[in-house]
Number of protein chains: 2
Amino acid sequence: MGVVSRNWLYVKKFDGEPTDENFQLTEEELAALQDGEFLAQAEFLSVDPYMRPYMGRFPVGSLMIGGQVAKIVESKHAKFPVGAKVFGQFGWRTYTVCNPDKAQGDKPYLLPDFGTLPSSLALGILGMPGNTAYFGFLEICTPKEGETVVVSGAAGAVGSVVGQIAKLKGCQVIGIAGSDDKCQWLKTLGFDHAINYKTENVLEALKTAAPKGIDCYFDNVGGTITEAVMRLMNLFGRISVCGTISNYNTGPAMVQDPQRDFVFKQLKMEGFIVSRWRDRWLEGILANLDWIKQGKLQYEETVTNGFDNMPKAFMDMLKGGNTGKAIVKVE
Amino acid sequence: MGVVSRNWLYVKKFDGEPTDENFQLTEEELAALQDGEFLAQAEFLSVDPYMRPYMGRFPVGSLMIGGQVAKIVESKHAKFPVGAKVFGQFGWRTYTVCNPDKAQGDKPYLLPDFGTLPSSLALGILGMPGNTAYFGFLEICTPKEGETVVVSGAAGAVGSVVGQIAKLKGCQVIGIAGSDDKCQWLKTLGFDHAINYKTENVLEALKTAAPKGIDCYFDNVGGTITEAVMRLMNLFGRISVCGTISNYNTGPAMVQDPQRDFVFKQLKMEGFIVSRWRDRWLEGILANLDWIKQGKLQYEETVTNGFDNMPKAFMDMLKGGNTGKAIVKVE
């Protein structure tokens with residue numbers, strides 16, 4: 001009998017916040033390896049905000065999408081030997097048979113040498129979220145020393161890295177997050193100001209924290225928080241739109257038409273998906289790794305134990321239950 | 001006694017649509033010329049949408065702002081000789097004493113040789129609006145052959161040029177305007193489709209006219225028309241925000257939060273004021289002039305006769321009474 005993978009399927013369309021009913025745990029017996037394939041055993045799995053809107057495009061019955069760090073336990077591919085750690089877009093499953101040369105979209109890759117750092121970071125600061133921060137902020141916001149930067153969703157896996165990179169570039173940095181604990185953590189990361197949007201008036205708090213106005217905005221949330229930030233943007237301000245977590249479980253909010261500010265302040269806004277920098281993937285990982293080794297970049301992980309708890313970890317993350325990267329450790 | 005200029009002043013803050021009460025015609029006796037100065041007599045004056053929001057920043061009692069084509073009738077500046085035609089940001093006045101070397105902001109300039117074309121074009125297709133179309137569309141939208149381009153405010157001084165340049169670049173072009181007559185005119189200019197937003201459902205009409213989606217959007221209006229265009233933008237679409245005429249006489253409308261589309265379609269949007277290309281000003285004018293001479297670029301002017309009618313021409317233009325460039329001819 002072959003290896004049996006445990007898989008989480010998407011069995012009911014999301015409507016509002018995900019619930020247990022949207023997911024079903026199944027088992028799948030895997031076929032023996034063909035030439036060019038390897039068998040990978042999941043060690044750490046990722047739950048990310050993007051999964052909520054993306055899964056809406058898949059039919060019910062699909063495997064839940066997502067990246068994982070896995071250990072190669074059997075191999076018929078010379079470049080992916082047994083024992084190596086791999087990152088792959090394998091979905092929510094415990095075992096995967098993969099032919100890396102035939103993989104569509106983002107191909108699996110061997111983890112670079114993280115030194116003594118845990119391999120789970122390949123899901124966070126040394127993987128997609130870290131690269132999202134690195135490229136999405138530096139390439140689109142093009143921050144300059146002395147400028148004022150605002151980050152929403154600042155205590156998340158991406159936002160917390162954006163704010164720290166902004167500090168490394170000599171900017172004043174304001175983070176917006178959803179609890180006093182998160183705001184406290186942002187201050188320990190070096191953020192100059194942190195605003196709790198659940199207890200403070202964001203517009204008034206921003207006016208105080210950004211007396212010279214806002215030059216760069218890294219947007220993870222959209223909606224009314226973004227509306228407030230827009231009002232304080234400076235001439236030639238840049239806005240990088242990474243996500244809109246505020247509306248993933250609902251429809252988009254109504255906001256004031258932003259076009260007038262776009263004209264008179266000559267603002268520039270660009271949305272992105274990090275895969276556009278696929279060709280420079282290792283550059284981002286190695287830059288963040290270097291900053292970590294120098295003690296200039298900190299991270300946090302919110303770890304949920306047990307593959308059985310994937311849906312719970314996902315639902316908690318969407319409600320803001322995580323600080324830093326939300327991951328699941330397969331026990 | 002010196003030359004007397006007739007001047008239109010801004011004497012009451014705009015609130016909603018401008019009315020006669022916002023303006024007052026006065027006379028001013030000008031001092032004798034100093035060295036380095038010239039005296040210019042207005043021939044054609046411009047009324048443009050931007051004047052509505054801009055004047056709100058000036059105190060009551062200010063001269064109305066605006067460009068004009070004037071003839072130099074007296075001069076103590078070697079490079080601005082008597083008889084020459086000049087474009088200057090002189091405001092709503094019949095005579096101006098100007099030291100071009102000390103002018104702040106946009107400096108006055110002698111008109112290039114338009115051949116047999118009328119000098120009034122320096123207010124339209126061979127001036128600020130033409131350059132707004134040339135730079136604002138080509139530099140920000142970066143249109144590619146075969147792409148679908150939408151222009152709002154398409155029958156105006158800027159929009160009508162944008163659409164024609166888009167055709168010259170091999171694009172499919174859809175114009176949105178406010179009357180059947182304007183739509184008819186757009187078709188004669190070569191627009192592939194024209195939508196009358198006052199009688200058609202813009203979103204449904206766009207779906208029909210742009211079956212492959214929209215790659216570039218040149219936005220003159222903002223508000224709900226823009227909201228409809230946004231829904232049909234393609235992956236990596238570009239939006240150039242030139243104006244928001246829809247809300248110059250009112251507050252901004254509420255629209256659906258656009259951020260989600262920005263992420264998943266990786267859209268790019270940039271607002272601009274054409275003076276950012278001041279250093280390339282003549283390039284735009286000469287390019288448009290060349291296309292006109294080749295018969296590839298057409299224009300229309302809506303001419304109001306009489307300096308006394310400046311406010312009327314301005315108010316009519318804001319209501320969409322003009323096709324092409326709205327100008328006033330001093331009688």
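About the criteria used
Residues numbered from 1 in each chain as written. Chains lettered and ligands numbered in written order. Predicted model: local features only at pLDDT ≥ 70, side-chain atom pairs only at ≥ 80, totals over all residues. Heavy atoms only, no water. Axes fitted to C-alpha atoms, helices over the stretch in contact; angles between N-to-C directions. Helix = DSSP H or I, 4+ residues; strand = E, 2+ residues; numbered from the N terminus. Parallel < 35°, antiparallel > 145°, perpendicular 65-115°, else oblique. Left-handed = near helix turned anticlockwise from the far one by under 90°. Contact = heavy atoms within 4.5 Å. 1 Å grid on protein atoms, 1.4 Å probe; cavity = no way out; pocket = protein on both sides within 12 Å on 5 of 7 lines; lining within 4 Å. Points joined across faces, edges and corners; volume = space filled by probe spheres on them. Core = buried A, V, L, I, M, F, W, Y, C linked by side-chain atoms within 4.5 Å. Buried < 20%, exposed > 50% of the residue type's maximum accessible area, 1.4 Å probe, protein only. Buried area = accessible area lost by both parts, 1.4 Å probe. Salt bridge = Lys/Arg side-chain N within 4 Å of Asp/Glu carboxyl O. Polar contact = N/O pair within 3.5 Å; in protein donor to acceptor, adjacent residues only side chain to side chain. Nonpolar A, V, L, I, M, F, W, Y, C, P; charged D, E, K, R; others polar. Expected span 1.5 Å × (residues − 1). Pairing = 2+ DSSP bridges. Right-handed = clockwise from strand over helix to strand, strands pointing away. Least-squares fit on C-alpha atoms with pLDDT ≥ 70 in both. Phe/Tyr/Trp six-rings, centres within 6.5 Å; stacked < 30°, edge-to-face > 60°. Lys NZ or Arg CZ within 6 Å of the ring centre and 35° of its normal. Domains from an automatic or database assignment.

Focus: the packing of helix H2 (residues 128-141) of chain A against helix H3 (residues 159-168) of chain A
Packed helices, taken two at a time, are described by the angle their axes make and the gap between the axes.
Residues and elements named next belong to chain A.
Thinking step 1. Orientation of H2 relative to H3, taken along the N-to-C sense of each, is 50°, at an axis distance of 9 Å. In terms of their interaxial angle, H2 and H3 are classed as oblique. You can see that H2 and H3 cross each other, and the crossing is right-handed. Counted together, Ala133, Tyr134, Phe137 and Leu138 of H2 and Val161, Val162, Ile165 and Ala166 of H3 form the full contact between these two elements.

So, empty space enclosed by the protein
Residues and elements named next belong to chain A.
Thinking step 1. Per the counting criterion, the structure on display carries four cavities of 30 Å³ or more.
Thinking step 2. Reported here for the largest cavity is a volume of approximately 150 Å³.
Thinking step 3. Surrounding the largest cavity, 14 residues form its lining, Thr226, Glu227, Met230, Gln256 and Pro258 being those nearest its centre.
Thinking step 4. Elements represented by at least two residues in the lining of the largest cavity include exactly helix H6 (223-231) and strand E14 (254-256).
Thinking step 5. The greatest single-element share of the lining of the largest cavity, amounting to five residues, is contributed by H6.

Some points on the nonpolar core
Generally speaking, nonpolar side chains in soluble globular proteins are found buried as a group.
Thinking step 1. Core analysis: the largest hydrophobic core is formed by 77 residues, its most contacted members being Trp92, Leu206, Ile239 and Phe314 of chain A together with Leu206 and Ile239 of chain B.
Thinking step 2. Ignoring sequence-local partners within four residues, the contact set of Ile239 of chain B consists of Ile140, Tyr217, Met230, Met233, Phe262, Leu267, Lys268, Met269 and Glu270 of chain B.

Observations concerning the interface of chain A and chain B
Thinking step 1. Tallying the contact residues gives 38 residues for chain A and 38 residues for chain B.
Thinking step 2. Both faces combined, the contact of chain A with chain B buries some 3200 Å², and carbon together with sulfur accounts for 59% of it.
Thinking step 3. The largest share of the area that chain A buries against chain B comes from Gln259, Arg260 and Phe264 of chain A, three residues that together contribute 21% of it.
Thinking step 4. Summed over the shared surface of chain A and chain B, the number is zero salt bridges.
Thinking step 5. Joining chain A to chain B, the criterion identifies 16 residue pairs in polar contact (both at pLDDT 80 or more).
Thinking step 6. The set of elements that each furnish at least two residues to the side of chain A that touches chain B consists of helix H1 (51-55), H6, strand E13 (233-241), E14, helix H7 (259-264) and strand E15 (268-271) of chain A.
Thinking step 7. Looking at the side of chain A that touches chain B element by element, the count peaks at five residues for H7 of chain A.
Thinking step 8. A class-by-class count of the residues in the side of chain A that touches chain B yields 19 nonpolar, eleven polar and eight charged.

Quick word on the pattern of salt bridges
Residues and elements named next belong to chain A.
Thinking step 1. Considering all chains together, one arrives at 29 salt bridges over all chains under this definition.
Thinking step 2. The shortest N-O distance in the salt bridge between Glu204 and Lys207 comes to 3.4 Å. Of this pair, Glu204 and Lys207 both sit in helix H5 (residues 202-209), three residues apart, which is roughly one turn of that helix.
Thinking step 3. Judged by relative accessible area, Glu204 falls into the partly exposed class, the value being 42%.

So, helix H2 (residues 128-141) of chain B
Residue and element names in this part refer to chain B.
Thinking step 1. Spanning 14 residues, H2 covers 18 Å between terminal C-alpha atoms, matching the ideal 20 Å at 1.5 Å per step.
Thinking step 2. Within H2, twelve of the 14 residues are buried, which leaves the element mostly enclosed by the surrounding structure.
Thinking step 3. Looking at H2, one finds that the buried residues are Pro129, Gly130, Asn131, Thr132, Ala133, Tyr134, Phe135, Gly136, Phe137, Leu138, Ile140 and Cys141.
Thinking step 4. Backbone geometry just after H2 places Thr142 at a positive phi near 40°.

Focus: the sheet that holds strand E11 (residues 193-196) of chain B
Thinking step 1. Pairing is mixed in the open sheet, where twelve strands are placed in the order E11(A)-E10(A)-E9(A)-E12(A)-E13(A)-E15(A)-E15(B)-E13(B)-E12(B)-E9(B)-E10(B)-E11(B). Here the strands that pair on one side only, and so sit at the sheet edges, are strand E11 (193-196) of chain A together with E11 of chain B. Within this sheet the neighbouring strands show an average axis-to-axis angle of 15°, counted without direction.
Thinking step 2. Both strand E9 (residues 148-152) of chain A and strand E12 (residues 214-219) of chain A contribute to a ladder of three bridges, which runs parallel. Bridge assignment links Val150 of chain A to a residue of E12 of chain A, and that residue is Tyr217 of chain A.

Some thoughts on the pairing of E12 of chain A
All names here are of chain A.
Thinking step 1. Extensive coverage of E12 is indicated by the burial of six of its six residues.
Thinking step 2. The sheet contact formed by E12 and E13 spans five bridges and is parallel. Paired with Tyr217 across the two strands is Ile239, which belongs to E13.
Thinking step 3. Following the chain from E12 across H6 to the adjacent parallel E13, one finds a crossover that is right-handed.

A short note on the relation of the copies chain A and chain B
Thinking step 1. With an RMSD of 0.0 Å, the operation that places chain A on chain B is a rotation of 180° combined with a shift of 0.0 Å along the axis. With respect to symmetry, the two chain copies, as superposed, fit the operation of a two-fold axis.
Thinking step 2. When the interface residues of chain A are mapped onto chain B, 100% of them again lie at the interface, so the same face is used by both copies.

Some points on the packing of aromatic side chains
Thinking step 1. Going through the model one piece at a time under the given rule, you end up with 34 aromatic pairs over all chains.
Thinking step 2. Ring geometry for Tyr248 of chain A and Phe264 of chain B: centres 6.5 Å apart, planes at 45°, overall tilted. Highlighted residues: Tyr248 of chain A in the loop between E13 and E14 and Phe264 of chain B in helix H7 (residues 259-264), drawn from two different chains. Taken individually, Tyr248 of chain A and Phe264 of chain B each receive the classification buried, so the pair is uniform in this respect.
Thinking step 3. Joined through ring pairs, the aromatic side chains of Tyr134, Phe135, Phe218, Phe272, Trp277 and Trp291 of chain A make up one cluster.
Thinking step 4. Across from the ring centre of Tyr54 of chain A, 5.0 Å away, lies the NZ or CZ of Arg57 of chain A, which sits over that ring.
Thinking step 5. A cation sits over an aromatic face here: Arg276 of chain A above Trp277 of chain A, 5.2 Å from the ring centre.

Considering the environment of Asp215 of chain A
Residues and elements named next belong to chain A.
Thinking step 1. Along the chain, Asp215 turns up in strand E12.
Thinking step 2. Taking relative accessible area as the criterion, Asp215 reaches 14% and is therefore assigned buried.
Thinking step 3. The spacing of Asp215 and Glu147 is 68 residues in sequence and 6.0 Å in space, taken between C-alpha atoms.
Thinking step 4. Beyond its immediate chain neighbours, meaning those up to four positions away, Asp215 contacts Glu147, Thr148, Met233, Asn234, Gly237 and Arg238.
Thinking step 5. A distance of 3.0 Å separates the side chain of Asp215 from the side chain of Asn234, its partner in a polar contact.

Brief notes about the domain arrangement of chain A
Residues and elements named next belong to chain A.
Thinking step 1. When the domains of chain A are assigned, the result is domain 1 (3-124 + 300-329) and domain 2 (128-274).
Thinking step 2. Across the boundary between the two partners, domain 1 contributes 19 residues, which contact twelve residues of domain 2.
Thinking step 3. Taking both sides of the interface into account, the surface hidden between domain 1 and domain 2 amounts to around 1300 Å²; carbon and sulfur atoms contribute 57%.
Thinking step 4. Counting every contact that joins domain 1 to domain 2 gives zero salt bridges.

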